[in-house]
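# Structure at a glance
What follows is the residue order along each chain.
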Amino acid sequence: MKPFTFINVAVTVDGKMDTYERRGAAISSAADKIRVDKLRAEADAVMVGGKTLLDEDPKLTVKSEALRVERVERGLTANPIKVGVVTNADGLTDGDFLNFGLARVVIFTTDKTSKAQVEFLRSRNAEVYVHHSERVDLTKALHMLHELGVKRLMVEGGGTLNFELLRLGLVDELTMYIAPMIFGGESAPTAAAGAGLIRSEAVPLKLVASEVHPDGGVVLKYSVERDTISPNAR
Ligand SMILES: NC(=O)c1ccc[n+]([C@@H]2O[C@H](COP(=O)([O-])OP(=O)(O)OC[C@H]3O[C@@H](n4cnc5c(N)ncnc54)[C@H](OP(=O)(O)O)[C@@H]3O)[C@@H](O)[C@H]2O)c1
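Moving on to the packing of aromatic side chains. Taken as a whole, this structure holds one aromatic pair when the rule is applied. Their ring planes at 25° and their centres at 5.4 Å tell us that Phe108 and Tyr129 sit as a pair that is stacked. Taken together, the residues Phe108 in strand E4 (residues 105–110) and Tyr129 in strand E5 (residues 126–131) connect sequence positions 21 residues apart. The side chain of Lys59 reaches across the aromatic face of Phe100, ending 5.0 Å from its centre.

Next up, the structure:
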C-alpha cells in the first residue's frame with residue numbers, strides 16, 4: 001500500500017523549474033502561493049528530493065495560521081510531516097527543514113550518510129530510514145510512509161525526484177503552475193529530469209482541471225494514467 005501521491009510544481013512557459021543558477025528562483029505568483037499552501041494543509045506529508053533539501057533547506061510548513069488552526073481542529077498536527085529523500089544526508093544542517101515549525105520529520109537516506117550524521121539527525125528528533133541501496137528505494141519509502149499513517153502525500157520536487165516517482169508509476173496526480181515567463185538555459189532544471197524516457201514509454205496524463213489566473217498564470221491538473229505506464233519504463 002502507498003499514499004495517494006501528487007506532485008505540485010511551478011514552471012515557466014519553457015518548462016523550467018529554476019534558472020540555470022539553481023538558487024530556487026521564485027516562479028509562483030502570490031495567488032499561486034496561496035493555492036500551494038492549501039495543498040500542503042490538505043496533505044499528511046510533504047516530500048522533497050535531496051538537492052532541493054540540501055541546497056535550499058526548505059521549511060515545508062503551512063504558512064497560513066488559519067489553515068494550521070483548521071488542521072488542529074480536524075485532529076491533525078499543525079503541519080504535515082516533512083519528508084526528505086537524500087542519498088547522502090551529511091550536508092543537511094541544523095536549519096529550517098529540521099527545526100522550523102512544529103512538524104514530524106522523516107528522512108529516507110542510504111548508507112552513504114555517515115553514522116555520526118544519522119545519530120545527529122535522530123538526536124534532532126528526525127526519524128531516519130537508511131536504505132542499503134545506491135539511492136533511496138522510493139517504492140519502499142512510500143510503503144513506509146503509508147505505514148506511518150500518510151494517506152495523502154504531496155511531492156514538491158525537484159525534477160529528479162519527480163521523474164523517478166513518475167517513472168516508477170508511484171504518482172496519482174500532477175498539478176502544474178505555469179508562470180507567464182521564460183528562463184531558458186540548457187542546464188536550468190525542468191519539471192521532470194532523470195535519465196528520461198523514449199516516446200513509447202512516456203508517462204500518460206489526463207487533464208482533469210485547468211484554471212487561468214488574472215495575471216496570465218495557468219494551473220493544470222492531471223491524473224496519471226498509471227495502468228497504461230509502459231512496464232519497460234519501470
Ligand atoms: N519550481 C518548483 O516547483 C521547484 C520545486 C522544488 C525544487 N525546484 C528546483 O529543482 C532543483 C533541484 O532539483 P533536482 O532535480 O536537481 O534535485 P531533487 O529532485 O531535489 O533531488 C534529487 C536528488 O535526490 C537524491 N535521491 C535519492 N534517492 C533518489 C531516488 N530514488 N530518485 C531520485 N532522486 C533520489 C539524489 O541524489 P544523488 O544524485 O546524490 O544520488 C538526487 O540527485 C533546484 O533548482 C530547485 O530550486 C523547483
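Take unusual backbone geometry next. Here Gly157 and Gly158 are connected by a cis peptide whose omega angle stands at 0°. Locating Gly158 in the fold gives a position in the loop between strand E6 (152–155) and helix H7 (159–167). The backbone of Asp57 sits at a positive phi, close to 45°, despite the residue not being glycine. For Asp57, a relative accessible area of 19% corresponds to the buried category. At Leu60, a residue that is not glycine, the phi angle is positive and equals roughly 60°. For Leu60, a relative accessible area of 4% corresponds to the buried category.

Here we come to the sheet that holds strand E8 (residues 205–212). Read from one edge to the other, the open sheet built from nine strands follows the order E5-E4-E3-E2-E6-E1-E7-E9-E8, with strand pairing classed as mixed. Single-partner strands in this sheet number two, and they are E5 and E8. Between one strand and the next, the sheet's axes are offset by a mean angle of 20°, whatever the strand orientation. Pairing analysis gives five bridges linking strand E2 (residues 45–49) to strand E3 (residues 81–85), with the strands arranged parallel. Bridged to Val48 within E3 is Gly84. Contacts from helix H6 (residues 138–147) reach strand E1 (4–12), E2, E3, E4, E5 and E6, with the element oriented near 155° to E4. Lying over the sheet, H7 contacts E1, E2, E3, E6 and strand E9 (218–224), oriented at roughly 110° with respect to E2.

Next up on the list: the pattern of salt bridges. Using the criterion set out here, one finds nine salt bridges in the structure. The partner of Arg35 in a salt bridge is Asp32, with the nearest N and O atoms 2.6 Å apart. Here Arg35 and its partner Asp32 are both found in helix H1 (residues 30–42), three residues apart, which amounts to about one turn of the helix. The exposure classification of Arg35 matches that of Asp32, with both residues buried. Glu127 is paired through a salt bridge with Arg104; the nearest N and O atoms lie 2.7 Å apart.

This paragraph deals with the nonpolar core. With 31 residues, the main nonpolar core has Val9, Met47, Val83, Leu145, Leu153 and Leu165 as its most contacted residues. For this core, the element with the highest residue contribution is H6, accounting for four residues. Look past the residues within four positions of Met47 in its chain and what remains in contact with it is Val83, Val85, Leu142, Leu145, Leu153, Met154, Val155, Glu156, Gly157, Leu161 and Leu165. Residues Val36, Leu98, Leu121 and Val128 belong to the second largest nonpolar core, which totals 20 residues.

Note that an α-helix has 3.6 residues per turn; residues three or four places apart therefore point the same way. Of all the residues in H6, the buried ones are Leu138, Ala141, Leu142 and Leu145. Buried residues of H6, viewed axially, fall in a sector of 95°; they line one side. Capping the start of H6, Asp137 holds a side-chain oxygen 3.2 Å from the backbone nitrogen of Thr139, two or three residues further along. At the C-terminal side of H6, Gly149 shows a positive phi close to 100°.

What counts as what
Counting from 1, residues in each chain are numbered in the order their sequence is written. Local features in a predicted model are, by the rule used here, given only for residues with pLDDT of at least 70; side-chain atom pairs are given and counted only at 80 or more, and totals for whole chains, interfaces and linings are based on all residues. Only hydrogens and water are set aside when side-chain values are computed; all heavy atoms of the structure are taken into account. Side-chain rings of Phe, Tyr and Trp (the six-membered ring for Trp) are treated as a pair once their centres are within 6.5 Å; stacked means planes under 30 degrees apart, edge-to-face means over 60, and tilted covers the remaining angles. In DSSP terms, a helix is any run of H or I states spanning at least four residues, a strand is any run of E spanning at least two, and both are numbered starting from the N terminus. By definition here, charges over rings are those cases where NZ of Lys or CZ of Arg is within 6 Å of the ring centre and within 35 degrees of the ring normal. Residue burial is assigned from relative accessible area. The probe radius is 1.4 Å, only protein chains are included, and a residue is buried under 20% of its type maximum, exposed over 50%, and partly exposed in between. We call two strands paired when DSSP finds no fewer than two bridges between them. Axis geometry follows a simple rule: fit a line to the C-alpha atoms, using only the stretch in contact for helices, then measure angles between N-to-C directions, giving values from 0 to 180 degrees. Between two residues, a contact is recorded if the distance between any of their heavy atoms is within 4.5 Å. By convention in these notes, a salt bridge is any Lys or Arg side-chain nitrogen within 4 Å of a carboxyl oxygen on Asp or Glu. Side-chain atoms within 4.5 Å are what join buried Ala, Val, Leu, Ile, Met, Phe, Trp, Tyr and Cys residues into a set we call a nonpolar core. Relevant arc is that of directions from the helix axis to the C-beta atoms, nothing else. As used in this structure description, the phrase polar contact means that two N or O atoms lie within 3.5 Å; if the pair is within protein, one of them must be able to donate a hydrogen and the other to accept it, and residues adjacent in sequence are counted only when both atoms belong to side chains.

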